[in-house]
Amino acid sequence: MNKGSRIYLAGHMGLVGSAILRKLVAEGYGNLILRSIDEMDLTNQGEVESFFAREKPEYVFLAAARVGGIRANNSYPAEFIQQNLMIQSNVIHASYQNGVKKLLFLGSSCIYPKLAPQPLKEEYLLGGGLEPTNEWYAIAKIAGIKMAQAYRRQYGFNAISLMPTNLYGPGDNFDLDTSHVLPALIRKFHEAKMARAPKVTVWGTGKARREFLHVDDLADAALFLMEKYDREEIINVGTGEDLTIAELCGAIRQVVDYPCEISWDAGMPDGTPRKVLDVSRLSALGWAPKIPLMAGIEQTYNWYRKHYSQAAA
Ligand code: GFB
């Protein structure tokens, strides 16, 4: 990939896509092809095919997906499986048909079996049953991984698949029904502070463990792997370190600076008990994350406050 390459970034307005866009712009890539959802519906095969035939991108970052937190995954299983299957199938196939030189696909750490040994190694894929709250999304992502591998085997198409851990950062979704835990807690503690509420209610038991990676680190890894990784095997992208949701609450409460009580809503699911990635494959290539969790939470909280009226709408 050189600075003048024609690069199509699918999903450039989402959390991941907007971070990859910032990174590409900062690195001086000047020939970016971007389409909003209003300009092109990626679930529509005809629209995707004519876009690729017309624009002929050389490189593709596939960061478009239907995503959400544990409740959204559990509530909209049909939309999560259908939209993700359509988007990735259309984009991967059209990329191959139109001579794309390399495509980067993004999966998720939820593709691993619910009760797999920890930390999660890439080879644990398809070794056991999935976490039920997100199996629909996970099945779609596994199909994307397998499609990328199949196109490499049969057609020699250079597609790689990254498995990011739970991501967060500026531009995240702060809607309390559909968001992931980290932005939800930022909003809940901030709103409690504004209302001087005595307590914040958090879903689950607080015992589930999660790993969090700042989305700018993910974008950095995506460019790094676009340059350096050309293999069929999936590759984990994370920090390799996790904490409990109770510990995350403590960290966010500290950043928001509002020492209220926390009550647990055990009627809400914890989801998978633990999913921390083994990142030795990526470390061996020479990549490491740069943004510590506390600094990342502070930066995301500042972003949230700055965009509060828009993000909270
Ligand atoms: O972030 P989250 O929805 O992702 O939830 P998952 C992580 C943990 O935080 C769960 C707890 O144990 C939740 O019960 N939690 C506590 C909350 N309070 C809240 C809250 O207000 N909102 C949310 N959302 N959670 C998703 C998958 O699972 O992670 C996706 O469903 C995807 O498929 C994504 O893999 C990265 O890690 O549980």
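Residues numbered from 1 in each chain as written. Predicted model: local features only at pLDDT ≥ 70, side-chain atom pairs only at ≥ 80, totals over all residues. Heavy atoms only, no water.

**Q** Is there a simple way to explain the overall build of the chain in this structure?
**A** A count of helical and extended segments in the chain gives eleven helices and 13 strands. Over its C-alpha atoms the chain spans a radius of gyration of 19 Å, differing by no more than 12% from the 20 Å that the globule rule assigns to 313 residues. If one aligns the C-alpha atoms of the chain with their principal axes, the spans along those axes are about 60 × 40 × 40 Å. Every one of the 313 residues in the chain was classed for burial, and the buried ones make up 52%. Taking all contacts inside the chain whose residues are at least 6 apart in sequence as the whole, residues at least 24 apart take part in 81%. (Helix = DSSP H or I, 4+ residues; strand = E, 2+ residues; numbered from the N terminus. Rg over C-alpha atoms; globule rule 2.2 N^0.38 Å. Buried < 20%, exposed > 50% of the residue type's maximum accessible area, 1.4 Å probe, protein only. Contact = heavy atoms within 4.5 Å.)

**Q** I tried to follow the packing of aromatic side chains on my own but got confused; where do I start?
**A** Each aromatic ring pair is specified by the distance between its two centres and by the angle formed by the two planes. Counted according to the given criterion, the structure contains ten aromatic pairs. Arranged with centres 6.2 Å apart and planes meeting at 65 degrees, the rings of Tyr96 and Phe157 form a pair that is edge-to-face. Of the two residues, Tyr96 is situated in helix H4 (residues 77-97) and Phe157 in the loop between helix H5 (135-155) and strand S5 (159-164); the sequence distance between them amounts to 61 residues. Residue classification places Phe157 among the buried residues on the basis of a relative accessible area of 4%. Ring geometry for Phe174 versus Tyr304: centroids 4.6 Å apart, planes at 35 degrees, classification tilted. Taken together, the residues span a long stretch of sequence, with Phe174 in the loop between strand S6 (166-168) and helix H6 (181-195) and Tyr304 in helix H10 (residues 293-306) at a distance of 130 residues. For Tyr304, a relative accessible area of 0% translates into the label buried. What links up through ring pairs into an aromatic cluster is the set Tyr96, Tyr151, Tyr155 and Phe157. (Phe/Tyr/Trp six-rings, centres within 6.5 Å; stacked < 30°, edge-to-face > 60°.)

**Q** How should I be thinking about the site of the ligand in this particular structure?
**A** Around the ligand, 22 residues are found, and the nearest of them are Ile70, Val181, Arg210, Pro269 and Asp270. Interatomic distance of 2.7 Å between a backbone N/O atom of Val181 and an oxygen atom of the ligand. With respect to the ligand, the side chain of Arg210 contributes an N or O atom lying 2.7 Å from an oxygen atom. Taken together, the elements giving at least two residues each to the shell around the ligand come down to helix H3 (70-75), H6 and strand S7 (199-203). The greatest single-element share of the shell around the ligand, amounting to three residues, is contributed by H6. (Near = heavy atom within 4 Å. Polar contact = N/O pair within 3.5 Å; in protein donor to acceptor, adjacent residues only side chain to side chain.)

**Q** Looking at this model, I keep getting lost on the sheet that holds strand S8 (residues 209-210). Mind explaining?
**A** For sheets, the rule is that strands pair by backbone hydrogen bonds, running either parallel or antiparallel. Read from one edge of the open sheet, three strands run S11-S8-S13, paired in mixed fashion. Each edge of the open sheet is held by one strand with a lone partner, namely strand S11 (243-244) and strand S13 (274-275). Direction of pairing for S8 relative to S13: parallel, over a ladder of two bridges. Within S13, the position partnered with Arg210 by the bridge is Lys275. (Pairing = 2+ DSSP bridges.)

**Q** Mind showing me how you'd approach unusual backbone geometry here?
**A** A cis amide bond, omega -5 degrees, links Gln118 with the succeeding residue Pro119. Looking at where Pro119 falls in the secondary structure, it is placed in the loop between strand S4 (102-106) and H5. At Leu126, a residue that is not glycine, the phi angle is positive and equals roughly 65 degrees. Its place among the elements puts Leu126 in the loop between S4 and H5. For Arg196, which is not glycine, the phi dihedral falls at a positive 50 degrees. One can find Arg196 in the loop between H6 and S7.

**Q** I'm lost on empty space enclosed by the protein in this one. Help?
**A** Rolled over the atoms, a probe with the dimensions of a water molecule shows which regions are left empty. For the structure shown, the criterion picks out one cavity of 30 Å³ or more. One number sums up the size of the largest cavity: a volume of about 70 Å³. Counted by class, the lining of the largest cavity contains four nonpolar, four polar and four charged residues. (1 Å grid on protein atoms, 1.4 Å probe; cavity = no way out; pocket = protein on both sides within 12 Å on 5 of 7 lines; lining within 4 Å. Points joined across faces, edges and corners; volume = space filled by probe spheres on them. Nonpolar A, V, L, I, M, F, W, Y, C, P; charged D, E, K, R; others polar.)

**Q** Explain H5 here, please?
**A** Note: α-helices contain 3.6 residues per turn, so residues at a spacing of three or four share the same orientation. When the terminal C-alpha atoms of H5 are compared, their 29 Å separation across 21 residues agrees well with the 30 Å that a helix rising 1.5 Å per residue should span. For H5, the complete set of buried residues consists of Tyr137, Ala138, Ala140, Lys141, Ile142, Gly144, Ile145, Met147, Ala148, Gln149, Tyr151 and Arg152. Looking at the packing, one finds that the buried side of H5 touches H3, H4, S4 and S5. Just downstream of H5, Gly156 is the residue with a positive phi angle, here 70 degrees. (Expected span 1.5 Å × (residues − 1).)

Any functional reading would require information beyond the geometric quantities listed.
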